[in-house]
Amino acid sequence: MSKAVLAVAAIILAGCQSTPPKIVLQEVKVAVPVECKEPVPDRPAMPTESLQPSTPLPIFVKAAQAEIHRREGYEIKLLTALQNCRKPVGK
């Protein structure tokens, strides 16, 4: 055999004798979207929605003040539902 063939064979065999690279496993946390099954609170009827355009101003003001409180309660329910959907799954 020629020296070139022996040199190629030696190189090939040397590659087979080297130790394979060490494989290191790493845990990677990936966010997975999950459907939120929190019920959406029902929107309450607002006091000013049923008023006629001819409603006297004092009555309209009372209805508007009552509506502010009703809306704040509804917003609290909506925010609670949103926060429940944002909680991490499994905790």
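Shown above is the structure to which this text applies.
Everything quoted here is computed from the prediction, not taken from an experiment. (Residues numbered from 1 in each chain as written. Predicted model: local features only at pLDDT ≥ 70, side-chain atom pairs only at ≥ 80, totals over all residues. Heavy atoms only, no water.)

A. Region of interest: the state of the cysteines. What the rule picks out here adds up to one disulfide. Linked covalently through their sulfurs, C36 and C85 form a disulfide whose S-S length is 1.5 Å. On the sign convention where negative is left-handed, the bridge of C36 and C85, at about -60 degrees about the S-S bond, is left-handed. In this pair, C36 sits in the loop between α1 (3-17) and α2 (57-86) while C85 sits in helix α2, placing the two residues 49 residues apart along the sequence. For C85, a relative accessible area of 33% gives the class partly exposed. (Disulfide = S-S within 2.5 Å. Helix = DSSP H or I, 4+ residues; strand = E, 2+ residues; numbered from the N terminus. Buried < 20%, exposed > 50% of the residue type's maximum accessible area, 1.4 Å probe, protein only.)

B. Molecular detail of the side chain of E67. Along the polypeptide, E67 turns up in helix α2. Residue E67 is classed as buried on the basis of its relative accessible area of 9%. In this structure, E67 is in contact with M46, P47, T48 and E49, ignoring residues within four places of it in sequence. (Contact = heavy atoms within 4.5 Å.)

C. Here's a closer look at a nonpolar patch on the surface. Judged by side-chain polarity, V32, V34 and V89 come together as a nonpolar surface patch covering roughly 310 Å² of accessible area. One can find V89 in the segment after α2. Of the residues examined, V89 reaches a relative accessible area of 65% and is grouped as exposed. (Patch = residues over 30% accessible without salt bridge, like charges linked within 9 Å, V, L, I, M, F, W, Y side chains within 5 Å. Areas by Shrake-Rupley, 256 points an atom, 1.4 Å probe, with all protein chains shown as cover. Salt bridge = Lys/Arg side-chain N within 4 Å of Asp/Glu carboxyl O.)

D. Here's a closer look at the pattern of salt bridges. Using the criterion set out here, one finds two salt bridges in the structure. Between R43 and E49 there is a salt bridge whose closest N-O contact spans 2.7 Å. Given the relative accessible area of 47%, E49 is considered partly exposed. The salt bridge involving R71 is made with E67; its shortest N-O contact spans 2.9 Å. Taken as a pair, R71 and E67 lie in helix α2 at a separation of four residues, close to a single helical turn. According to the relative accessible area criterion, R71 is partly exposed, its value standing at 34%.

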